[in-house]
Amino acid sequence: MAAFIQRMSCLLAVWLAVVLSGIQAVDRSNFKTCIQSSFCKRMRDVVPGHSPYRALLETLELSNTRLTLQLINDNNKVRLLLELYRLQGNMTRLKINELKPLRPRFEVPDVLIADPPTEPLSLVSQDEGGVVLSLGADARHLVVSARPFRLDIVEGPHVLLSVNSRGLLAFEHQRPRKDTLSKISSTVGSMWDTIKNIFSSSENDSEEVEAEEDAEDQNYEKEEDQADMWEETFKSHTDSKPNGPTAISMDFSLPGVEHVYGIPEHAENLRLKTTDGHDPYRLYNLDVFQYELYNPMALYGSVPVLLSHSTQRTMGIFWLNAAETWVDISSKAAENTDSVQAPSKVAQTDVRWISESGIIDVFIMLGPKPTDVFAQYASLTGTQSFPPLFALGYHQCRWNYKDQEDVRSVDQGFDDHDIPYDFIWLDIEHADGKRYFTWDPAHFSQPREMLQGLVDKRRKMVAIVDPHIKVDSGYRVHKEIRSKNLYVKNKDGGDYEGWCWPGTSGYPDFTNPEMRSWWASMFAYDQYEGSMENLYIWNDMNEPSVFNGPEVTMHKDALHGSWEHRDIHNLYGLYVQMATADGLIQRSGGVERPFVLARAFFAGSQRYGAVWTGDNAAEWSHLKISIPMCLSLGLVGISFCGADVGGFFKSPSSELLVRWYQTGAYQPFFRAHAHLDTPRREPWLFGPENTALIREAVRQRYALLPYWYLLFYKAHGTGQPVMRPLWVEYPEDVTTFTIDDEYLLGRDLLVHPVTDEGSKEVTVYLPGTGGVWYDAFTFQRHEGGQNLYVPVTMSSIPVFQRGGSIIPRKNRIRRSSSCMEKDPYTLYVALSPQGTAEGELYIDDGHTFNYEQKKQFVHRRFIFADSTLSSSNISPDSQFSTASWVERVLILGAHKPSSVTLKTSGGSVASLEFDFDEATSVLTVHKPGVNAGADWTLLFQW
């Protein structure tokens, strides 16, 4: 045994050495392709156009809230149950399950925020070919065709979406294993004879059921078991598959659609590519070491939501399944698919979803506008959590700051170089032997003293707490989880163990509410020794990562209660972040908003915190890909996204590092991070010129914190993404449909980061013909609807403010966001061609739930029209006071006035000083001096 342990330790050391070397790209052989994933190969082998499924119209039942209908597979006589729901908000839900499964199939819990409210379904017509149902609007119907089964959603003469039009619906029914059938057939026969005798009074019914059962049994025996249906081996790992094949597949056709987006996470362009002749996009949360770019391989998180967009309509498909999933996308010209009139050729995109287990549960979100789809999805899975204001500041991290003196030195370095920051982070080395919830006694012996030093400067810390627990009989966390029997089990019923950072590790079963509750309790100040109010949490490795597991993750036949890991895999990371966020809320008595970063995620993870794009590299291509990766996440509800500034692996050049800071400053989550073996790269270590450039980028971030905070408040309330593609705001401009090297923050800021080495210029597309955009720094005015050539230097960050908008900034930059709490605002009023503008300001205490629980906030609307700038209260029933005031107003695209007069709500009138720059057409009004939460008006005489 000792020799075995020594050998395993050596193997783990070799594995870690490879990981820590940081010189290799992803080893693709560690991860399956579709052809190596037996269920994906089987489903892909289904031939289009030959669907065996038929709707049994005589079984149709229609209530006020749903339609049920049986489907039959004419090849094996197995019946499925179809459920259709018309949901509030212009959505349709489709569920398909086995009518009589041998055992229950997994249905995803805890992702939907509630049972979606329904609206009445009404029958329009029915004949032997199918049924037509009304979807409320006069021209919108749902058509169910019987042979073969097909479902169409139509609006007037146009088909918006079709289900099973290609005949790729497949549902692998549960069945006894063939080598056990012969052993049990005689026993079952005897039992059935007994049952028939007992219920002889129902002879006719029994004969009908018997005939149906016999037909199914005969077809079970006729069906050939394919390779890997009941056991599958990948490399050295065998998946026992005790329940046999349970895969599902369904196809959706989108006439008139060329552009589809979403289904993150992939290191890929924003617009999804066709997978014809290639692997499908894979959704299976994995710890992928040094991931490659521009391929459909699975990464750390999975959100099974796809959006389609055309000049006519935006729609969404939400495939609610947490098992391993593959998504095929095919685009082609289709004849006469969108109209009942003359034949025509239009574009069409076909999407096929394939999952290993579970049921078909899909939500079709009909838009029609992008904002409608965001609202529809938010109504199902919730909105982005509203982060504390300081979480939107700059975060400084590396693996690892070595001790308390290192933390103090880095913290002081920011002050010495006049660079603001809010958080310093500690990676796995801060804990005692990687025992989470502890501190290394040699290097972090006085954690409260360290945290108090940050409190004194109004700064915070994040410590990592990973969901793998060191198997150590002297470790309290391990002992309590084991004593409560809350670990994931292996297929034989013992505690599942694997390798991760601490060595041999147990994996808490976060699908169990009792486990989540216990985990949350561990963040109480009397449980997590050394923690304080300014300590927040990072959940890494929550895919879950298992170094010696298949594909570096958990075995699929591991058990979470009665469910296999294959059923819940993509949910695991969401549950970890959920339990951690709950713990941070509970430790404050429900008062404080949490901040939790997680690497793995699923639909609904937006409710619990932030994510990042994982272990990227210090390469220009990784800087560039961070933009579409975060845009894709924003489209499916996860706005709080960022990428490791500078790249996690390798060492950036000074030029790359500066450009990454400039890009990160304009992405929602702004954190620098680096690998253990990389040279130190704090912002002041690359010479004074680069320090100045980085300082300016970070200062721009802090100046814009009022705008960022407003955008997150609105995202929390509406589901609209903070960082969004241009087509979201310009849905009829086809030029925007493939742009993913620039983006919008809200509606009003357009950002085109410099992401190419040695750039001397960038070409920026300014959307909106007839509108105008202003350079955010020079205030130069540009017409919309054009490609603009922009010369750049190393100090350039191409950012433009939309004409017609008003953006608040705080231009007094201090050491942290909390130090700026009472500082004044400057309003940047960018006039439209019509001479108007509008904007908002949101203020609360920045960290509690009082904005929600007690309506303690300020929400103002600014309007410039008819030579008047006014501030009015959007929420009259809110209660909050602020010490901040308005110290300056800049009006871009203005003319020189003869006077500027301030009128306050108290009736006072005062003339204000102003300057006008004729070269830039910028009018600056000095010191209005009004409280940021008050009503006031500026009158301009031209």
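Up top is the structure.
Description of the structure in this document.

Calculation notes
- Residues numbered from 1 in each chain as written.
- Predicted model: local features only at pLDDT ≥ 70, side-chain atom pairs only at ≥ 80, totals over all residues.
- Heavy atoms only, no water.
- Helix = DSSP H or I, 4+ residues; strand = E, 2+ residues; numbered from the N terminus.
- Rg over C-alpha atoms; globule rule 2.2 N^0.38 Å.
- Buried < 20%, exposed > 50% of the residue type's maximum accessible area, 1.4 Å probe, protein only.
- Contact = heavy atoms within 4.5 Å.
- Areas by Shrake-Rupley, 256 points an atom, 1.4 Å probe, with all protein chains shown as cover.
- Disulfide = S-S within 2.5 Å.
- Polar contact = N/O pair within 3.5 Å; in protein donor to acceptor, adjacent residues only side chain to side chain.
- Phe/Tyr/Trp six-rings, centres within 6.5 Å; stacked < 30°, edge-to-face > 60°.
- Lys NZ or Arg CZ within 6 Å of the ring centre and 35° of its normal.
- Pairing = 2+ DSSP bridges.
- Axes fitted to C-alpha atoms, helices over the stretch in contact; angles between N-to-C directions.
- 1 Å grid on protein atoms, 1.4 Å probe; cavity = no way out; pocket = protein on both sides within 12 Å on 5 of 7 lines; lining within 4 Å.
- Points joined across faces, edges and corners; volume = space filled by probe spheres on them.
- Nonpolar A, V, L, I, M, F, W, Y, C, P; charged D, E, K, R; others polar.
- Core = buried A, V, L, I, M, F, W, Y, C linked by side-chain atoms within 4.5 Å.
- Arc of directions from axis to C-beta.

### Here's the deal with the overall build of the protein
At step 1: Broken down by element type, the protein carries 17 helices and 52 strands.
At step 2: Computed over the C-alpha atoms, the radius of gyration of the protein is 30 Å, within 12% of the 30 Å expected from 2.2 N^0.38 for a compact globule of 942 residues.
At step 3: Along the first, second and third principal axes, the C-alpha set of the protein runs to 100 × 80 × 50 Å.
At step 4: Classification of the 942 residues of the protein by burial places 60% in the buried group.
At step 5: Within the protein, contacts between residues separated by at least 24 positions form 72% of all contacts whose residues are at least 6 apart in sequence.
At step 6: Summing over all exposed atoms, the protein offers an accessible surface of approximately 34,600 Å²; the carbon and sulfur share of this is 49%.

### Focus on the state of the cysteines
At step 1: Applying the stated criterion across every chain, the model contains 2 disulfides.
At step 2: With a sulfur-sulfur separation of 2.2 Å, Cys 630 is cross-linked through a disulfide to Cys 641. Given an S-S torsion of about -70 degrees, the disulfide between Cys 630 and Cys 641 has left-handed geometry. You can see Cys 630 sitting in helix 12 (residues 620-635) and its partner Cys 641 sitting in strand 32 (residues 641-642), a full 11 residues away along the chain. In this pair, the class of Cys 630 matches that of Cys 641, namely buried.
At step 3: For the protein, numbering the cysteines in disulfides from first to last along the sequence yields the connectivity 1-2, 3-4.

### Describing the side chain of His 430
At step 1: Structurally, His 430 can be placed in the loop between strand 22 (423-426) and helix 7 (447-455).
At step 2: Engagement of the side chain of His 430 in a polar contact is seen with the backbone oxygen of Asp 427, the distance being 2.7 Å.
At step 3: The residues contacting His 430, other than those within four sequence positions of it, are Asn 400, Thr 438, Trp 439, Asp 440, Phe 444, Ala 463, Ile 464 and Tyr 528.

### What to know about the environment of Phe 640
At step 1: Note on placement: Phe 640 falls in the loop between helix 12 and strand 32.
At step 2: Residues Phe 640 and Ala 715, 75 residues apart in the sequence, show an inter-C-alpha distance of 9.9 Å.
At step 3: Those residues in contact with Phe 640 that sit more than four places away from it in its chain are Gln 384, Pro 387, Ala 391, Leu 392, Phe 595, Gly 609, Ala 610, Val 611, Pro 668, Phe 669 and Phe 712.

### Some thoughts on the packing of aromatic side chains
At step 1: Overall, the coordinates contain 51 aromatic pairs when judged by the stated rule.
At step 2: Between the aromatic rings of Tyr 394 and Phe 670, the centroid separation amounts to 4.9 Å while the plane-to-plane angle is 55 degrees, which identifies the pairing as tilted. Pair noted here: Tyr 394 is in strand 21 (residues 394-396) and Phe 670 is in strand 33 (residues 670-672), with a separation of 276 residues, a long-range link.
At step 3: On the basis of relative accessibility, which here comes to 0%, the residue Phe 670 falls in the buried class.
At step 4: Here the aromatic residues Phe 390, Phe 423, Trp 425, Tyr 536, Trp 538, Phe 595, Trp 612, Phe 640, Phe 669 and Phe 712 are joined through ring pairs into a cluster of three or more.
At step 5: Residue placement shows Arg 587 over the ring face of Tyr 536; its charged tip is 5.4 Å from the ring centre.
At step 6: Above the face of the Trp 425 ring, Arg 671 is positioned so that its terminal group lies 4.7 Å from the ring centre.

### What to know about the sheet that holds strand 2 (residues 66-73)
At step 1: With antiparallel pairing, the 8 strands of this open sheet are ordered in space as 1-2-3-4-20-17-16-14. Two strands in the sheet have a free side with no partner beyond their single neighbour: strand 1 (53-62) and strand 14 (259-262). Across the sheet, the axes of successive neighbouring strands diverge by a mean angle of 20 degrees, strand direction being ignored.
At step 2: Note: strand 4 (residues 91-98) against strand 20 (residues 360-365), 6 bridges, orientation antiparallel. Counterpart to Leu 94 in the pairing with strand 20 is Val 362.

### Considering empty space enclosed by the protein
At step 1: Scanning the model with the defined rule gives 4 cavities of 30 Å³ or more in all.
At step 2: If you add up the space inside the largest cavity, you get close to 150 Å³.
At step 3: Surrounding the largest cavity, 14 residues form its lining, Lys 32, Phe 234, Asp 239, Pro 550 and Lys 556 being those nearest its centre.
At step 4: Sorting the residues of the lining of the largest cavity by element identifies strand 11 (232-234) and strand 12 (237-239) as the ones contributing at least two each.
At step 5: A class-by-class count of the residues in the lining of the largest cavity yields 4 nonpolar, 4 polar and 6 charged.
At step 6: Looking at the second largest cavity, its volume works out to about 50 Å³.

### Some words on the nonpolar core
At step 1: Grouped together as the largest cluster of nonpolar side chains are 178 residues, with contacts concentrated most on Phe 318, Trp 519, Phe 595, Tyr 661 and Leu 745.
At step 2: Residues contacting Phe 318, with those up to four places away along its chain left out, are Val 111, Leu 112, Pro 304, Val 305, Asp 361, Val 362, Phe 363, Met 365, Tyr 377, Leu 380, Thr 381 and Ala 603.
At step 3: One finds Leu 135, Leu 272, Val 351 and Trp 353 within the second-largest nonpolar core, a separate group that totals 49 residues.

### Observations concerning the sheet that holds strand 26 (residues 503-506)
Sheet strands associate in pairs through backbone hydrogen bonding, adopting either a parallel or an antiparallel arrangement.
At step 1: Strands sit in the order 24-26-25 across an open sheet of 3 strands; the sheet is antiparallel. With one partner strand each, in any of the chains shown, strand 24 (469-470) and strand 25 (497-500) form the two edges of the open sheet.
At step 2: In the sheet, strand 25 pairs with strand 26 via 4 bridges, with the strands oriented antiparallel. Counted as the bridge partner of Trp 499 is Thr 504 from strand 26.

### Here's the deal with the pairing of strand 2
At step 1: When you tally the buried positions in strand 2, you get 7 out of 8 residues, the bulk of the element.
At step 2: Pairing between strand 1 and strand 2: 6 bridges, direction antiparallel. Pairing of Tyr 53 across the sheet is with Asn 73, part of strand 2.
At step 3: Linking two consecutive strands that pair antiparallel, namely strand 1 and strand 2, is a turn of 3 residues.
At step 4: As judged from the 7 bridges shared by strand 2 and strand 3 (residues 79-87), these two strands associate in the antiparallel manner. Among the inter-strand pairings, Arg 66 is bridged to a residue of strand 3, identified as Tyr 85.
At step 5: Where strand 2 folds back onto strand 3 in an antiparallel hairpin, the turn is made up of 5 residues, including Lys 77, whose phi is positive at roughly 65 degrees.

### Overview of helix 7
The periodicity of an α-helix, 3.6 residues per turn, causes residues three or four positions apart to be oriented the same way.
At step 1: The set of residues buried in helix 7 consists of Pro 447, Met 450, Leu 451 and Leu 454. Axial view of helix 7: buried residues confined to an arc of 95 degrees, hence all on one face.
At step 2: Structurally, helix 7 contributes buried residues whose contacts are with helix 6 (404-416), strand 22, strand 23 (460-464) and strand 27 (535-539).

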